[in-house]
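Architecture and fold: a report
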Amino acid sequence: MSGVALSPLPTTIPILLATAAGTALCSASANTLNQIQEVPFDAQMARTRTRPLVRRAITPGHAATFAAVTGVAGPVLLWTVVNPVAAGIGAANIVLYAGVYTWMKRKTIWNTWVGSIVGALPPLMGWSACGGKFLPSSDYPVQYFLPNFIQSNPIPLDLSLIDNPLSPFALAMVLFSWQFPHFNALSHLVRESYTQAGYKMLSVLSPAKNALVSLRHATLLIPICSVLVPLSGLTTWMFALTSLVPNLICARAAWYFWRRGGEKEARVVFQHSLWYIPVIMGLMMFHKQGTDWLEWIGVNSQKKEEQVESSPSS
């Protein structure tokens, strides 16, 4: 939904709701297929022993039927109401999560990177729902939005230029990098369960590197938010300043997690990650390029009317 909200292209409430519902159905299918495959491993971990399939609250056939229905309904809804691109990304994400990611979890630590790609794709579904594209071309070049104080002759903002390949890339990068502090902190807390189930997680094989990767991406989120996002035109350059507060809070927590490597520090990083995305997405929408919130709530429009009424010509 944030991808739809941040797009400069026009949209409608039905498109927004259909995108959200279609994405939720795809997610439900992917998660169900994942749990079907991992019943014997979930049974070995304390945090997953209460899942419906493990405690036989529902049958595998019931779960498979649900996965099939939602796995078809999601892409079909996106295809018919939104567009084929959003439907294709939704279907691909089901395969990527339930197939590639789930298989990799017991094979290699790179499963986390694949899982982060899965998490970065839903905002692109929202972006494409409005008709936005992803790949640059001669007719669709990458546009850069520099701060006004850098430009010698600032030109009026053309909102249509925000629809450029750099914008969805910046949005996806926020979601991609956020998942490492979020998941690496969580995996540190449950690393003993992962060990019991035989999962190849970095927190199991190298807790120090696990914390380092968490810090690396928590730090990377600072230039992503303070440079890449406003440079893409998604937001004004004020977002570069306001986003520093949540980013520095999370980076500081990740630093302590890396330095001390304890469960207390990991829990703080994980807790911060829960509020981080809503706050950052909210700030992005507040600082959306070309959005005048005072006019949106009717304040500026009233001032304009008063100025017109008080002018000599009136």
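In this text, all values refer to a predicted model and were calculated from it rather than measured experimentally. (Residues numbered from 1 in each chain as written. Predicted model: local features only at pLDDT ≥ 70, side-chain atom pairs only at ≥ 80, totals over all residues. Heavy atoms only, no water.)

UniProt tags residues 12-36, 57-79, 85-103, 110-129, 237-257 and 269-286 as "transmembrane region" (unreviewed entry). In residues 85-103, helix accounts for 100% and strand for 0%; the two terminal C-alpha atoms are 26 Å from one another. Taken end to end, residues 237-257 has its terminal C-alpha atoms 30 Å apart, with 90% of it in helix and 0% in strand. (UniProt positions renumbered as here; feature names shortened; annotations may be inferred. Helix = DSSP H or I, 4+ residues; strand = E, 2+ residues; numbered from the N terminus.)

This next bit is on the packing of helix 8 (residues 166-189) against helix 14 (residues 263-286). As a packed pair, helix 8 and helix 14 sit with axes 7 Å apart at the nearest point and diverge in direction by 160°. If you check the angle between helix 8 and helix 14, you find them roughly antiparallel. Both helix 8 and helix 14 take part in a crossing whose hand is left-handed. Across the interface between the two elements, Leu171, Val174, Leu175, Trp178, Pro181, His182, Ala185, Leu186, His188 and Leu189 from helix 8 touch Glu263, Ala266, Arg267, Val269, Phe270, Ser273, Leu274, Tyr276, Ile277, Ile280, Met281 and Met284 from helix 14. When grouped by side-chain class, the residues that make up the contact of helix 8 with helix 14 number 17 nonpolar, three polar and two charged. (Axes fitted to C-alpha atoms, helices over the stretch in contact; angles between N-to-C directions. Parallel < 35°, antiparallel > 145°, perpendicular 65-115°, else oblique. Left-handed = near helix turned anticlockwise from the far one by under 90°. Contact = heavy atoms within 4.5 Å. Nonpolar A, V, L, I, M, F, W, Y, C, P; charged D, E, K, R; others polar.)

What follows concerns the packing of aromatic side chains. By the definition in use, this model includes eight aromatic pairs. Linked through ring pairs, Phe41, Phe183, Tyr194 and Tyr199 together constitute an aromatic cluster. Positioned over the ring face of Phe41 is Arg106, at 3.8 Å from the centre of the ring. Between the NZ or CZ atom of Lys133 and the centre of the ring of Tyr140, over which it lies, the distance is 5.7 Å. (Phe/Tyr/Trp six-rings, centres within 6.5 Å; stacked < 30°, edge-to-face > 60°. Lys NZ or Arg CZ within 6 Å of the ring centre and 35° of its normal.)

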